[in-house]
Amino acid sequence: VYALTVFQSGLLIGGAFTLAGGFLSTNLARYNGTVWQNTMTGGGTNGAVRALAVYTDLTGARLYAGGAFSQAGLTPCARIARVTALSSRSPNRAA
């Protein structure tokens, strides 16, 4: 585990792993106080998550993950991705 943050009433962890609490979760997982969950459709990232940050603007809080990956969930990205409910997108794509 390389990074921890609290987001949307859950603890998010980033690192280099394939399981969290016995559940399949590749490099990024969420703990809601009861169970561990995969955070992205398509199964996490294809490389380690080294940083997590929450940024709040006029539209609300957003979670970003950075690390040694080129895909987050089903979305191609270049080492950084915005993580949304159960999916991800490259931060340079329209919301």
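Residues numbered from 1 in each chain as written. Predicted model: local features only at pLDDT ≥ 70, side-chain atom pairs only at ≥ 80, totals over all residues. Heavy atoms only, no water.

Draft legend 1. Broad picture of the overall build of the protein chain. The secondary structure content of the protein chain amounts to 0 helices and 12 strands. Across the protein chain, helices and strands are ordered from the amino to the carboxyl terminus as β-β-β-β-β-β-β-β-β-β-β-β. Looking at the protein chain as a whole, 40% of its 95 residues qualify as buried. Taking all contacts inside the protein chain whose residues are at least 6 apart in sequence as the whole, residues at least 24 apart take part in 29%. Total accessible area on the protein chain stands at roughly 5200 Å², and carbon and sulfur atoms take up 57% of it. (Helix = DSSP H or I, 4+ residues; strand = E, 2+ residues; numbered from the N terminus. Buried < 20%, exposed > 50% of the residue type's maximum accessible area, 1.4 Å probe, protein only. Contact = heavy atoms within 4.5 Å. Areas by Shrake-Rupley, 256 points an atom, 1.4 Å probe, with all protein chains shown as cover.)

Draft legend 2. Focus on the side chain of R62. Within the secondary structure, R62 is located in strand β8 (residues 60-67). Here R62 occupies a buried position and makes no salt bridge, while the nearest side chain of opposite charge, D57, is found at 4.1 Å. Only 2.8 Å separates the side chain of R62 from the side chain of T59, close enough to count as a polar contact. (Lys, Arg positive; Asp, Glu negative; His and termini not counted. Salt bridge = Lys/Arg side-chain N within 4 Å of Asp/Glu carboxyl O. Polar contact = N/O pair within 3.5 Å; in protein donor to acceptor, adjacent residues only side chain to side chain.)

Draft legend 3. Examining a nonpolar patch on the surface more closely. On the surface, V1, L4, V6 and L11 cluster together to form a nonpolar patch covering roughly 400 Å² of accessible area. Mapped onto the elements, V1 comes out in the segment before β1 (3-7). Residue classification places V1 among the exposed positions, given a relative accessible area of 64%. (Patch = residues over 30% accessible without salt bridge, like charges linked within 9 Å, V, L, I, M, F, W, Y side chains within 5 Å.)

Draft legend 4. Quick peek at the pairing of strand β7 (residues 49-57). Summarising the sheet, β7 and β8 pair through 8 bridges and their orientation is antiparallel. What sits directly across from L52, in β8, is A65. Following β7, the chain reverses through 2 residues before pairing antiparallel with β8. (Pairing = 2+ DSSP bridges.)

Draft legend 5. Local environment of the confidence of the model for the protein chain. For the protein chain, per-residue confidence averages 85 on the pLDDT scale, and 86% of positions sit at 70 or higher. Note on residues 86-95: pLDDT is under 50 here. Beyond four places in sequence and across chains, it has 31 contacts. (pLDDT = per-residue confidence, 0-100.)

Draft legend 6. View of the packing of aromatic side chains. Applying the stated criterion across every chain, the model contains 1 aromatic pair. Across from the ring centre of Y2, 4.1 Å away, lies the NZ or CZ of R50, which sits over that ring. (Phe/Tyr/Trp six-rings, centres within 6.5 Å; stacked < 30°, edge-to-face > 60°. Lys NZ or Arg CZ within 6 Å of the ring centre and 35° of its normal.)

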